[in-house]
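Descriptive analysis of the structure
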Amino acid sequence: MDKILYIRMRHRIQARPNQTITIGDVGQLVGDEEVLRMVGGIAIHQVNRSDKSIVVLDIMRVLKELRKADPELDVQTVGPAQTIVEIVYKTKQFRPMFFAAVWLLLFLGAALAIMNFHEDVSMRIVHQKIFKTITGLDDEKPLLLQIPYSIGLGLGMILFFNHVFRKRINEEPSPLEVEMFNYQQDLDMYVIMHENKESSKQTDDN
């Protein structure tokens, strides 16, 4: 009976400095238990300082190691051809002062952006005209419109981003999460094309 191994490369994994990455780490393996025990612990990369923060491991490198282990092994590949290895170094300690400074900067920036937008579109004058149309009275500060509008603006932002602090309102991703996902996909594609040493080869003209 032929020994068959199905392997699907994981899209992204995390590793520590000096960690030995095995085939079982980078791929989802399906096959006989004996085959899985044999190939799962085969090392394909040793993380070192020259790797910096990102390493791309190609399926061809995995196949090369599998052929060394057992030339008669029938390997069937499924899915992506590369795995992005993100090397996680020691995390920085949480600094409350830095967090407060960033939060204050973002808060003031968002507040100024909203105020400048309202000034550009003359929102105060619009509220005054709406208030006069409804009540027939002139009021320089129509708080009956401005207060509900301000509350609705905040609620609208919460609904738009689909989060209340860390709690998600529903399972639907927010537009920001979709844009971050698209950015991560583009970034991963760039890393695969430029960090994968197996995908490019320089020829000697001499």
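Shown above is the structure to which this text applies.
Residues numbered from 1 in each chain as written. Predicted model: local features only at pLDDT ≥ 70, side-chain atom pairs only at ≥ 80, totals over all residues. Heavy atoms only, no water.

**A closer look at the sheet that holds strand β4 (residues 27-31)**
Spatially, three strands are ordered β4-β1-β7 in an open sheet, and the strand pairing comes out mixed. The sheet terminates laterally at β4 and β7 (74-78), the two strands that pair on one side only. For this sheet, the mean inter-axis angle between neighbouring strands, taken without regard to orientation, is 25 degrees. Packing against the sheet, helix α3 (residues 59-69) makes contact with β1 (4-9) and β7, and its axis sits at approximately 155 degrees to β1. (Pairing = 2+ DSSP bridges. Helix = DSSP H or I, 4+ residues; strand = E, 2+ residues; numbered from the N terminus. Axes fitted to C-alpha atoms, helices over the stretch in contact; angles between N-to-C directions. Contact = heavy atoms within 4.5 Å.)

**What to know about the packing of helix α5 (residues 123-135) against helix α6 (residues 143-161)**
Here α5 crosses α6 at 125 degrees, and the two axes come no closer than 9 Å. Between α5 and α6, the crossing angle belongs to the class labelled oblique. The two elements α5 and α6 cross, and the hand of that crossing is right-handed. Across the interface between the two elements, M123, R124, H127, I130 and F131 of α5 pack against L144, L145, Q146 and Y149 of α6. In terms of residue class, the contact of α5 with α6 is built from six nonpolar, two polar and one charged. (Parallel < 35°, antiparallel > 145°, perpendicular 65-115°, else oblique. Left-handed = near helix turned anticlockwise from the far one by under 90°. Nonpolar A, V, L, I, M, F, W, Y, C, P; charged D, E, K, R; others polar.)

**Brief notes about the packing of aromatic side chains**
For the structure shown, the criterion picks out one aromatic pair. Across from the ring centre of F98, 5.2 Å away, lies the NZ or CZ of R95, which sits over that ring. (Phe/Tyr/Trp six-rings, centres within 6.5 Å; stacked < 30°, edge-to-face > 60°. Lys NZ or Arg CZ within 6 Å of the ring centre and 35° of its normal.)

**Re the nonpolar core**
Ranked by size, the top nonpolar core spans 21 residues in total, and within it I21, V26, V62 and L66 carry the most contacts. Secondary-structure elements contributing two or more residues to this core are β1, β2 (12-15), α1 (23-26), α2 (33-39), β6 (54-58), α3 and β8 (82-87). Setting aside its immediate chain neighbours within four residues, L66 contacts L5, I23, V39, I42, L73 and V75. (Core = buried A, V, L, I, M, F, W, Y, C linked by side-chain atoms within 4.5 Å. Buried < 20%, exposed > 50% of the residue type's maximum accessible area, 1.4 Å probe, protein only.)

**Concerning the environment of M193**
Looking at the secondary structure, you find M193 in helix α7 (residues 175-195). Between the alpha carbons of M193 and V56 there is a distance of 9.3 Å; along the sequence they are 137 residues apart.

**Topic: the pairing of β8**
The side chains of a regular strand alternate, residue by residue, between the two faces of the sheet. Most of β8 is tucked away: five of the six residues are buried. As judged from the four bridges shared by β2 and β8, these two strands associate in the parallel manner. Within β8, the position partnered with Q14 by the bridge is E86.

**Examining the side chain of H127**
Turning to its location among the elements, H127 is positioned in helix α5. Beyond its immediate chain neighbours, meaning those up to four positions away, H127 contacts P142, L145, Q146 and Y149.

**Points about unusual backbone geometry**
Across the chain, the bulk of peptide bonds are trans and the bulk of non-glycine residues have phi less than zero. Positive phi is not limited to glycine here, since K52 has a value of about 60 degrees. A positive phi is found at S122, a non-glycine position, where the angle reads about 55 degrees. Positionally, S122 belongs in the loop between α4 (96-120) and α5.

**Remarks on the sheet that holds β8**
An order of β2-β8-β6 is seen for the three strands of this open sheet, with the pairing classed as mixed. Both outer strands of the open sheet, β2 and β6, are each paired with one neighbouring strand and no more. The sheet shows a mean angle of 30 degrees between the axes of neighbouring strands, taken without regard to direction. Of the pairings in the sheet, the one linking β6 to β8 comprises five bridges and is antiparallel in character. Counted as the bridge partner of D58 is Q82 from β8. α7 contacts β2, β6 and β8 of the sheet and is inclined by roughly 70 degrees relative to β6.

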